[in-house]
Amino acid sequence: MAQLIHELIGECARRTPSAPALRYQEGKLSYIELAQGVEAAACGLLGLGLQRLERVAVYLEKREEAVLALFGTAAAGAVFVPVNPLLKPEQLAYILQDSGARVLVTSPQRLATLGAVLGQCSELRHVVVTGAQAPCVVGLRVSAWDECMREGEASGRHRCIEADMAALMYTSGSTGKPKGVVLSHRNMVAGASSV
């Protein structure tokens, strides 16, 4: 039985490899393809120098790369920070600063709106943008998702246990600043099992 959140995908891939796991627009991924994509994402993030329990913020709408980045972060031994795609740049900057995110995964379109706020995020060291080309942004290391997923290495995987933090989820902030809620792998696996 899975003890870490990303292991749920591996279990499904072993049991029903060709079953559909994810649909996005006209495409779909089977569980084995999803497991392979999560592994590639984990290796790509590790290739950026991601350390154990460092934060990776994912600022994307519902799409394939968002799922791969979230589970890939967990598989790499880091902590994913899903960011509501409806938030404004200033709200994103607050979450990046508060969480201490080291990596941001976003789209080129979203990145174009963030120029004025990313300089405030002192811990942020790398941005990964969806697609095959990375735009040039002064003062930031920016990589293309496609390139990052091809060039990562499996070595250096950080070991996690079920009590380790898996996610840092932020409240809506409707009554003040958003608050980060810590979820362990155990919390997330239990939640998935109950569903």
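To be clear, the structure that these remarks concern was listed above.
Every chain is numbered on its own, with residues counted from 1 as its sequence reads. The predicted origin of the model limits local features to residues at a pLDDT of at least 70 and limits the giving and counting of side-chain atom pairs to 80 or more, whereas totals for whole chains, interfaces and linings rest on all residues. Excluding hydrogens and water, the side-chain values take into account all heavy atoms of the structure.

Visitor: Could you give an account of the overall build of the chain, naming the residues involved and the relevant values?
Guide: From N to C terminus, the chain includes eight helices and nine strands. On C-alpha atoms alone, the chain measures out to a radius of gyration of 16 Å, which is about the 16 Å that the 2.2 N^0.38 rule sets for 195 residues. Each principal axis of the C-alpha distribution contributes one length, and for the chain these read about 45 × 40 × 35 Å. Going through the 195 residues of the chain one by one, you find that 47% of them count as buried. If you sum the accessible surface of the chain, you get close to 10,000 Å²; carbon and sulfur atoms cover 53% of it. Each charge class in the chain can be summarised by its mean position, and for the 19 positive and 18 negative side chains these summaries are 5 Å apart. By the criteria applied, helices consist of DSSP H or I runs no shorter than four residues and strands consist of E runs no shorter than two, each listed in order from the N terminus. The globule rule used for comparison is 2.2 Å times the number of residues to the exponent 0.38, while the radius of gyration itself is calculated over C-alpha atoms. Only protein chains enter the accessibility calculation, which uses a 1.4 Å probe. A residue is then buried if its area is under 20% of the maximum for its type, exposed if over 50%, and partly exposed in between. The method behind every accessible area is Shrake-Rupley, applied with a 1.4 Å probe, and residues are considered shielded solely by the protein chains displayed. Residues counted as positive are Lys and Arg, residues counted as negative are Asp and Glu, and His and the chain ends are not counted. For the purpose of locating charges, the reference atoms are NZ of Lys, CZ of Arg, CG of Asp and CD of Glu.

Visitor: I'd love a proper account of the nonpolar core, names of residues and values included.
Guide: Within the largest apolar cluster, 28 residues are counted, with the highest numbers of intra-cluster contacts made by L34, L50, V58, V103, V105, V128 and W145. Per-element tally for this core: the top contributor is helix α2 (residues 31-47), with seven residues. For V128, the residues in contact, after removing those within four places along its chain, are L48, V103, L104, V105, T106, S143, A144, W145 and C148. Nonpolar cores were defined as sets of buried Ala, Val, Leu, Ile, Met, Phe, Trp, Tyr and Cys residues, with membership established by side-chain atoms within 4.5 Å. Residues L92, I95, V117 and Y170 belong to the second largest nonpolar core, which totals 25 residues. By definition, residues are in contact when any of their heavy atoms lie within 4.5 Å.

Visitor: Could you give an account of the environment of V137, naming the residues involved and the relevant values?
Guide: Mapping V137 onto the fold places it in the loop between β6 (126-129) and β7 (141-144). In sequence terms V137 and L111 are 26 residues apart; their C-alpha atoms lie 9.1 Å from each other. Here V137 is in contact with L111 and V142, once residues within four sequence places are set aside.

Visitor: Could you give an account of the packing of aromatic side chains, with specific residues and numbers?
Guide: In this description, an aromatic ring pair is defined by two values, namely the gap between the centres and the angle between the planes. Note on aromatic pairs: the rings of Phe, Tyr and Trp (six-membered ring only in Trp) are paired at centre separations within 6.5 Å, and the planes decide the class, stacked below 30 degrees, edge-to-face beyond 60, tilted for the rest. Counted according to the given criterion, the structure contains zero aromatic pairs. Here, a charge over a ring means that NZ of Lys or CZ of Arg falls within 6 Å of the ring centre while also lying within 35 degrees of the ring normal. Sitting over the ring of Y59, R110 keeps its end group 5.1 Å from the ring centre.

Visitor: Which residues make up the environment of N187, and what are the values?
Guide: In this structure, N187 sits in helix α8 (residues 185-194). N187 sits 20 residues away from A167 along the chain, and the two C-alpha atoms are 9.7 Å apart.

Visitor: An account of the packing of α2 against helix α3 (residues 64-75) is needed here, citing residue identities and associated values.
Guide: Axes here mean lines fitted to C-alpha atoms, for a helix over just the part in contact, with angles spanning 0 to 180 degrees between N-to-C directions. Remark: α2 packs on α3, axes separated minimally by 7 Å, with the N-to-C direction vectors making an angle of 65°. Here α2 and α3 pass one another in a crossing that is right-handed. Residues L34, G37, V38, A41, A42 and L45 of α2 pack against V67, L68, A69, F71, G72, T73 and A75 of α3. Of the residues contributing to the contact of α2 with α3, the split by class is 10 nonpolar, three polar and no charged. When the near helix sits turned anticlockwise from the far one by under a right angle, the crossing is termed left-handed; a clockwise turn instead gives a right-handed crossing. Three classes are used, and their members are as follows: Ala, Val, Leu, Ile, Met, Phe, Trp, Tyr, Cys and Pro are nonpolar, Asp, Glu, Lys and Arg are charged, and the others, Gly among them, are polar.

Visitor: So, α8: which residues are in play, and what are the values?
Guide: Taken together, the buried positions of α8 are H185, M188 and V189. Down the axis of α8, the buried side of the element spans an arc of 95°, and every buried residue falls inside it. Of the surrounding secondary structure, the elements contacted by the buried residues of α8 are α3, β4 (79-82), β8 (165-170) and β9 (180-184). Between a side-chain oxygen at the N-terminus of α8 and the backbone nitrogen of R186 the separation is 3.3 Å; the capping residue is S184. Directions drawn from the helix axis to the C-beta atoms are what define this arc. As used in this structure description, the phrase polar contact means that two N or O atoms lie within 3.5 Å; if the pair is within protein, one of them must be able to donate a hydrogen and the other to accept it, and residues adjacent in sequence are counted only when both atoms belong to side chains.

Visitor: Talk me through the pattern of salt bridges; I want residue IDs and the actual numbers.
Guide: Two side chains carrying opposite charge are able to pair once their charged atoms lie near each other. For salt bridges, the criterion is a side-chain nitrogen of Lys or Arg within 4 Å of an Asp or Glu carboxyl oxygen. For the structure shown, the criterion picks out nine salt bridges. Ionic pairing is found between R15 and E11, a salt bridge with its closest N-O pair at 3.8 Å. Of this pair, R15 and E11 both sit in helix α1 (residues 7-15), four residues apart, which is roughly one turn of that helix. The exposure class assigned to R15 is exposed, which follows from its relative accessible area of 59%. Between D164 and R52 there is a salt bridge; the shortest N-O distance is 2.6 Å. With D164 in the loop between α7 (145-151) and β8 and R52 in the loop between α2 and β3 (55-59), this pair connects stretches of sequence that are 112 residues apart. On the basis of relative accessibility, which here comes to 11%, the residue D164 falls in the buried class. Among the ionic contacts, a cluster of salt bridges with common partners joins E54, R102, E123 and R125.

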